[in-house]
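Chain by chain, the residues run as shown.
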There are 2 protein chains.
Amino acid sequence: MKLDYRNAQKNDLETLITLLSDDDLGRKREDTSKPINTSYLTAFEHIEQDPNNELVVIEFQQQAVSMLQLTFIPYLTHTGSWRCIIEGVRIHSDFRGKGIGEQMFLWAINRAKQRQCHLVQLTSDKQRPDAIRFYEKLSFIASHEGFKLVLK
Amino acid sequence: MKLDYRNAQKNDLETLITLLSDDDLGRKREDTSKPINTSYLTAFEHIEQDPNNELVVIEFQQQAVSMLQLTFIPYLTHTGSWRCIIEGVRIHSDFRGKGIGEQMFLWAINRAKQRQCHLVQLTSDKQRPDAIRFYEKLSFIASHEGFKLVLK
């Protein structure tokens, strides 16, 4: 499958919210009402204005089939280095199991190299064994615990 | 202990590099030569210029005793939300075991709240059981695997 990658635009938001809400966790925490919740618009503007954040839409034959967000972070550690975090990965339910995930991640890893990162990192819910196997297949190492603290 | 928090300045770099290199992992990957490696200066400038990154120096009686870096990331997920990542945490070896870690983290969590974050996250090496117990005590949940991929 020949995929195309581009930065998300404001008029993609409805499509992206649908993608985000199209899984068990997303359904509970996203708002698919129309017109779209302005909180999404505000978040989109913050992402768009930040040169270290890239919200990427992946298309197959002009249809959005998946999305992900890359964040590039400068650190002093490792003698001064950039790190890339991958988050917000979603694949349209009609397009799962077709190798899109692997293509997306190879693209993202390449993008991190272009941005001079020495490390790519992500966290994956322990209740998603398929996702964990997927990342291991891509040579990611589960060397760390991924801790979260939800703020009230 | 009464601790003071402030953003790092260029003339803190020598002290911060010493802190970063003062552990088993850091010793292998940091460069403590003088004058300081210009890569640290470049990284510092990137951090300083980015309003979503805060490199924090913690002082006790005007002495730098610890450091951490906060990164605030805007996401579409959770109906548009900010998340805070904590990284690069180090405590001076003369000041460990005095409760500084807990104070620093409570401060960082509060800072994340000020920045409207709904979530604080971090990864901790599985080979550091003491750190893992520390984060659990602070109510962090190890719900995720922390995957890393080192780029060549």
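Here the structure is a predicted model, which is why all the values come from computation and not from measurement.

**Overview of the sheet that holds strand E2 (residues 53-60) of chain A**
Sheets are built from strands paired through backbone hydrogen bonds, the pairs being either parallel or antiparallel.
Part 1 of the argument: The 12 strands are arranged E1(A)-E2(A)-E3(A)-E4(A)-E5(A)-E6(B)-E6(A)-E5(B)-E4(B)-E3(B)-E2(B)-E1(B) in an open sheet whose pairing can be described as mixed. If you trace the sheet from one side to the other, it starts and ends with strand E1 (4-7) of chain A together with strand E1 (4-7) of chain B, each paired once. Ignoring which end each strand starts from, the neighbouring axes of this sheet average 30° apart.
Part 2 of the argument: Against the sheet, helix H3 (residues 38-49) of chain A makes contact with E2 and strand E3 (63-75) of chain A together with strand E3 (63-75) and strand E4 (81-91) of chain B, and its axis sits at roughly 120° relative to E3 of chain B, the strand it touches most.
Part 3 of the argument: Contacts from helix H4 (residues 100-114) of chain B reach strand E6 (141-150) of chain A together with E1, strand E2 (53-60), E3, E4 and strand E5 (117-125) of chain B, with the element oriented near 30° to E3 of chain B.

**Digging into the relation of the copies chain B and chain A**
Part 1 of the argument: Superposition of chain B onto chain A requires a rotation of 180° combined with a translation of 0.0 Å along the rotation axis, giving an RMSD of 0.0 Å. Put plainly, the chains are arranged around a two-fold axis. For chain B, the smallest separation between a C-alpha atom and the rotation axis is recorded for Gly146 of chain B, amounting to 2.3 Å.

**Some details on helix H1 (residues 13-21) of chain A**
Part 1 of the argument: Among all positions in H1 of chain A, only Leu13, Leu16, Ile17, Leu19, Leu20 and Ser21 of chain A are buried.
Part 2 of the argument: Its buried side turned inward, H1 of chain A meets helix H2 (24-29), H3, E2, E3 and strand E4 (81-91) of chain A.

**Digging into the pattern of salt bridges**
Part 1 of the argument: The full count for this structure, using the stated rule, is 30 salt bridges over all chains.
Part 2 of the argument: Residue Lys10 of chain A pairs with Glu45 of chain A through a salt bridge whose shortest N-O separation is 3.7 Å. Highlighted residues: Lys10 of chain A in the loop between E1 and H1 and Glu45 of chain A in helix H3, separated in sequence by 35 residues.
Part 3 of the argument: Close ionic contact of Arg96 of chain B with Asp22 of chain B constitutes a salt bridge, the shortest N to O distance being 3.6 Å. Of this pair, Arg96 of chain B sits in the loop between E4 and H4 while Asp22 of chain B is found in the loop between helix H1 (13-21) and helix H2 (24-29), placing the two residues 74 residues apart along the sequence.
Part 4 of the argument: Under the relative-accessibility criterion, Asp22 of chain B is labelled partly exposed at 24%.
Part 5 of the argument: In the salt-bridge network here, residues are joined through shared partners; they are Arg6, Asp12 and Glu59 of chain A.

**Side note on the environment of Leu70 of chain A**
Residues and elements named next belong to chain A.
Part 1 of the argument: Positionally, Leu70 belongs in strand E3.
Part 2 of the argument: For the pair Leu70 and Arg111, spaced 41 residues apart in the sequence, the C-alpha separation amounts to 9.0 Å.
Part 3 of the argument: Residues contacting Leu70, with those up to four places away along its chain left out, are Asn52, Asn53, Glu54, Cys84, Ile85, Ile86, Trp107, Ala108 and Arg111.

**Quick look at H4 of chain B**
Part 1 of the argument: Over its 15 residues, H4 of chain B runs 21 Å from end to end, which matches the ideal 21 Å to within 8%, given 1.5 Å per residue.
Part 2 of the argument: Within two residues after H4 of chain B, Gln116 of chain B carries a phi angle of roughly 65°, on the positive side.

**Topic: the side chain of Ser66 of chain B**
Part 1 of the argument: Position of Ser66 of chain B relative to the elements: it lies in strand E3.
Part 2 of the argument: When neighbours within four sequence positions are excluded, Ser66 of chain B is seen to be in contact with Leu19, Val56, Val57, Ile58, Arg90, Ile91, Ile100 and Met104 of chain B.

**What about the interface of chain B and chain A?**
Part 1 of the argument: Listed as interface residues are 64 residues of chain B and, on the opposing side, 63 residues of chain A.
Part 2 of the argument: The junction of chain B with chain A conceals about 5800 Å² of combined surface from both sides, 64% of it contributed by carbon and sulfur atoms.
Part 3 of the argument: Between chain B and chain A we count 2 salt bridges in total.
Part 4 of the argument: Our count for the contact surface shared by chain B and chain A stands at 33 residue pairs in polar contact (both at pLDDT 80 or more).

**Looking at the nonpolar core**
Part 1 of the argument: The biggest cluster of nonpolar side chains holds 30 residues, and the ones touching the most others in it are Cys84, Ile86, Val120 and Phe140 of chain B.
Part 2 of the argument: Among the elements that make up this core, the one with the highest residue count is H4 of chain B (6 residues).
Part 3 of the argument: Setting aside its immediate chain neighbours within four residues, Val120 of chain B contacts Phe147, Lys148, Leu149 and Leu151 of chain A together with Cys84, Ile86, Ala112 and Phe140 of chain B.
Part 4 of the argument: Among the nonpolar cores identified, the runner-up in size contains 29 residues, and Phe72, Phe95, Ala108 and Cys117 of chain A belong to it.

**Some remarks on the UniProt feature "domain: N-acetyltransferase" (unreviewed entry) in chain A**
Part 1 of the argument: With numbering matched to this structure, UniProt assigns "domain: N-acetyltransferase" (unreviewed entry) to residues 3-152 of chain A.
Part 2 of the argument: Span residues 3-152 of chain A is 34% helix and 37% strand, its end C-alpha atoms 40 Å apart.

**With respect to the confidence of the model for chain A**
Part 1 of the argument: Per-residue confidence for chain A averages 95 on the pLDDT scale, and 100% of its residues sit at or above 70.
Part 2 of the argument: Per the prediction output, this complex has pTM 0.96; the corresponding ipTM is 0.95.

What counts, and where the lines are drawn
Residues numbered from 1 in each chain as written. Chains lettered and ligands numbered in written order. Predicted model: local features only at pLDDT ≥ 70, side-chain atom pairs only at ≥ 80, totals over all residues. Heavy atoms only, no water. Pairing = 2+ DSSP bridges. Helix = DSSP H or I, 4+ residues; strand = E, 2+ residues; numbered from the N terminus. Axes fitted to C-alpha atoms, helices over the stretch in contact; angles between N-to-C directions. Contact = heavy atoms within 4.5 Å. Least-squares fit on C-alpha atoms with pLDDT ≥ 70 in both. Buried < 20%, exposed > 50% of the residue type's maximum accessible area, 1.4 Å probe, protein only. Salt bridge = Lys/Arg side-chain N within 4 Å of Asp/Glu carboxyl O. Expected span 1.5 Å × (residues − 1). Buried area = accessible area lost by both parts, 1.4 Å probe. Polar contact = N/O pair within 3.5 Å; in protein donor to acceptor, adjacent residues only side chain to side chain. Core = buried A, V, L, I, M, F, W, Y, C linked by side-chain atoms within 4.5 Å. UniProt positions renumbered as here; feature names shortened; annotations may be inferred. pLDDT = per-residue confidence, 0-100.

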